[in-house]
Amino acid sequence: MSIAAVWFRNDLRCLDHQALSEACKQHEQVRGVYFLCPAQLDEHVTAPMRRHFLRRALDELAAQLAALGIPLDIVNAWHFREVPQALVGYCDKFNIDEVFAHREWLVDEIRRDDACAAALEGRFRLLDDSLTSPLQISKDDGDPYKVFTPFSRRCRDHLRQHFPQCLRRPKTKGEPIEPSTCPVFGEEVSSDDWAASESEVLAQLRRFCSKQAGKYKERRDLPSEAGTSELSPALALGLVSPQQCLARLYSECGDTIWDTKSGPGTWFNELLWRDFYRHIAYHYPRVVMGKAFQPHTDHIAWRYDQDDFDAWREGRTGFPIVDAAMRQLKERGWMHNRLRMITASFLCKDLHIDWRWGEKHFLAHLVDADFASNNGGWQWAASTGTDAAPYFRIFNPTTQGQRFDPEGKFIRQYVPELAGLSGKALHQPPALKNYPGPIVDHSQARQISLALFKDLAD
Ligand SMILES: Cc1cc2nc3c(=O)[nH]c(=O)nc-3n(C[C@H](O)[C@H](O)[C@H](O)COP(=O)(O)OP(=O)(O)OC[C@H]3O[C@@H](n4cnc5c(N)ncnc54)[C@H](O)[C@@H]3O)c2cc1C
């Protein structure tokens, strides 16, 4: 009897799962395996809420697989370095003929997979699970894209011709079995506010596509409204695939998805931003190793001021929208996209602190942490990345607050010290007994930023 193992990574689902489907098609018996690498999670700075979310998602996956007669083995491998040996041991123990997994695109993962392929000598099959694979999308001259807009145009052309066909749940492989449970593997913070089961996530996706996608363009920048999907934690762990997102969007909204000015078309574009940063991380691995995408910007004289950094991360900068956003991150393990842009810009362009400090802080708190998207977002905000706009586009945190939280509903929710203020005073409050005055003068800080970048050009 032939036996396959499906190695689950950031694809913790049963539906639309290439590796699981192939393994079930080609082998009589199938086991699932997940290599738990606590030291790697520490090295990659994993938020306690994300650890809890991961453990819940693994338990949900184990239950789904158990109903199909497929066991899920959680194997402790400590660090990526130990995985090849652990994988060989696992295959020997269960007489595994072939291992199936989805390709990952970041440098540590690629190195790990190369070592596993060598150790398994032809018994390791890596399949593509992306909306647009970095191996498929390139410019006419074969070079990778560096700018989002032409990249997204090419992706849309590609997807028009190769629209994702989502795979069904595989047929059962035997009688239902008792599901395994994942042990606690480090400090946790409850992630119970985030759906961790495939069925709940699919219901969330359906709701968003049928009821909210149409108004996405108008509402996506308003943090006080539920205008975005909040599917990022599920997408980060692969409880749902971007292919399923696109297919569902199409089935609810039809051809409007191809119109980039429509709500559904704008949401489609956001899914492509996710792919774009994966392509960048794959083709320019220096960004994953702490380097700037634009190498000359590695010479910027960033500040490393712990007091200012603490004020930023604790939400006491005296800029209400920044403080509300940083407190949202702490409370929910998630932050609205507009606010990620505002807070990242504030750290880099108002406090002139190294974007890498901010990047790490986000990783340490986000339930949806995704290395490529986080790095891309930070480098975009710091003007060291792929942004086509010039470095002198600097967000004014006060006017951003006035524009995107005009009535201060969001600010009041997270900064109760300001609950009694309204109008201009809410966005530019004086120093209060329990709330600080602004820790920096924005117009002076802006001039310093311009000088920092101009010095590079000279
Ligand atoms: C400084 C900074 C750090 C970020 N860090 C992360 C991160 O660690 N993980 C993460 O998933 N996203 C990150 N983003 C992107 C974006 O802020 C989040 O994906 C988004 O806020 C998630 O909310 P949502 O699911 O409601 O998004 P929606 O607006 O509903 O978008 C749907 C999906 O598209 C993807 N997406 C949306 N916007 C972007 C974007 N700008 N870049 C890449 N993918 C995007 C996400 O997977 C998201 O779930 C970051 C952005 C910035 C500016």
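Quick caveat, the model's predicted, so the values are computed rather than measured.

(A) Structural detail: helix 5 (residues 107–120). An ideal rise of 1.5 Å per residue puts 20 Å on 14 residues; helix 5 measures up with 20 Å between its terminal C-alpha atoms. Every buried residue belonging to helix 5 is among Val107, Glu109, Arg112, Asp113, Cys116 and Leu120, and all of these are buried. Those residues of helix 5 that are buried lie in contact with strand 1 (3–7), helix 4 (83–94), strand 4 (98–102) and strand 5 (124–127). Phi turns positive one or two residues past the end of helix 5, at Glu121, with a value near 45 degrees.

(B) Molecular detail of helix 16 (residues 371–382). Here helix 16 contains 12 residues, and its C-alpha end-to-end distance of 16 Å stays within 8% of the 16 Å for a straight helix at 1.5 Å per residue. Burial analysis of helix 16 places nine of its 12 residues in the buried class, which makes it a mostly covered element. If you check which residues of helix 16 are buried, you get Ala372, Asn374, Asn375, Gly376, Trp378, Gln379, Trp380, Ala381 and Ala382. Ser383 occupies a position one or two residues after helix 16 and carries a positive phi of about 60 degrees.

(C) Quick peek at the domain arrangement of the chain. According to the domain assignment, the chain contains domain 1 (3–128), domain 2 (198–283) and domain 3 (295–457). Taken over C-alpha atoms, the centre of domain 2 sits 25 Å from the centre of domain 3. Counting each side, the surface lost to burial between domain 2 and domain 3 is near 1600 Å², with a carbon and sulfur contribution of 59%. Counting every contact that joins domain 2 to domain 3 gives three salt bridges. Across the pair Glu230 and Arg332 runs a salt bridge whose closest N-O atoms are separated by 2.9 Å. Our enumeration of links across domain 2 and domain 3 arrives at six residue pairs in polar contact (both at pLDDT 80 or more). Only helix 9 (232–237) and helix 11 (263–283) provide two or more residues apiece to the side of domain 2 that touches domain 3. It is helix 11 that contributes the most residues to the side of domain 2 that touches domain 3, six residues altogether. Partitioned by chemical class, the residues of the side of domain 2 that touches domain 3 number eight nonpolar, three polar and five charged.

(D) Examining the packing of helix 15 (residues 355–365) against helix 16 more closely. Helix 16 packs onto helix 15 with a crossing angle of 145 degrees between their chain directions and a minimal axis gap of 10 Å. For the pair helix 15 and helix 16, the crossing hand works out as right-handed. In this structure, helix 15 uses Trp355, Gly358, Glu359, Phe362 and Leu363 to contact helix 16, whose residues at the interface are Phe371, Asn374, Asn375, Trp378, Gln379 and Ala382. Of the residues assigned to the contact of helix 15 with helix 16, the class counts are six nonpolar, four polar and one charged.

(E) Structural view of the pattern of salt bridges. Following the criterion strictly, the structure yields 26 salt bridges and no others. Across the salt bridge formed by Glu188 and Arg55, the nearest N and O atoms sit 2.5 Å from each other. With Glu188 in the loop between helix 6 (148–161) and helix 7 (198–212) and Arg55 in helix 3 (residues 48–67), the pair connects residues that are 133 residues apart, well separated along the chain. For Arg55, a relative accessible area of 17% puts it in the buried group. Arg125 is the partner of Glu98 in a salt bridge, and the nearest nitrogen-oxygen pair spans 3.9 Å. In this pair, Glu98 is assigned in strand 4 and Arg125 in strand 5, connecting sequence segments 27 residues apart. For Glu98, a relative accessible area of 16% puts it in the buried group. Given a relative accessible area of 27%, Arg125 falls into the partly exposed group. Shared partners join several salt bridges into a network, and the residues in it are Arg9, Glu104, Arg112 and Asp113.

(F) Geometry of the site of the ligand. In the neighbourhood of the ligand, 28 residues make up the surrounding shell, with Tyr216, Thr228, Ser229, Glu230 and Asn337 lying closest. Residue Asn374 places a side-chain N or O atom 3.2 Å away from a nitrogen atom belonging to the ligand. Protein contact buries 96% of the 810 Å² of open area that the ligand shows by itself. At the level of elements, helix 9, helix 11, helix 14 (337–350) and helix 16 are the ones that each hand at least two residues to the shell around the ligand.

(G) Geometry of the nonpolar core. Grouped together as the largest cluster of nonpolar side chains are 116 residues, with contacts concentrated most on Phe8, Leu12, Leu20, Leu249, Trp267 and Trp312. Excluding its chain neighbours within four sequence positions, the residues that come into contact with Trp267 are Leu205, Phe208, Cys209, Tyr216, Ser229, Leu231, Cys245 and Leu249.

Parameters at a glance
Residues numbered from 1 in each chain as written. Predicted model: local features only at pLDDT ≥ 70, side-chain atom pairs only at ≥ 80, totals over all residues. Heavy atoms only, no water. Helix = DSSP H or I, 4+ residues; strand = E, 2+ residues; numbered from the N terminus. Expected span 1.5 Å × (residues − 1). Buried < 20%, exposed > 50% of the residue type's maximum accessible area, 1.4 Å probe, protein only. Contact = heavy atoms within 4.5 Å. Domains from an automatic or database assignment. Buried area = accessible area lost by both parts, 1.4 Å probe. Salt bridge = Lys/Arg side-chain N within 4 Å of Asp/Glu carboxyl O. Polar contact = N/O pair within 3.5 Å; in protein donor to acceptor, adjacent residues only side chain to side chain. Nonpolar A, V, L, I, M, F, W, Y, C, P; charged D, E, K, R; others polar. Axes fitted to C-alpha atoms, helices over the stretch in contact; angles between N-to-C directions. Left-handed = near helix turned anticlockwise from the far one by under 90°. Near = heavy atom within 4 Å. Areas by Shrake-Rupley, 256 points an atom, 1.4 Å probe, with all protein chains shown as cover. Core = buried A, V, L, I, M, F, W, Y, C linked by side-chain atoms within 4.5 Å.

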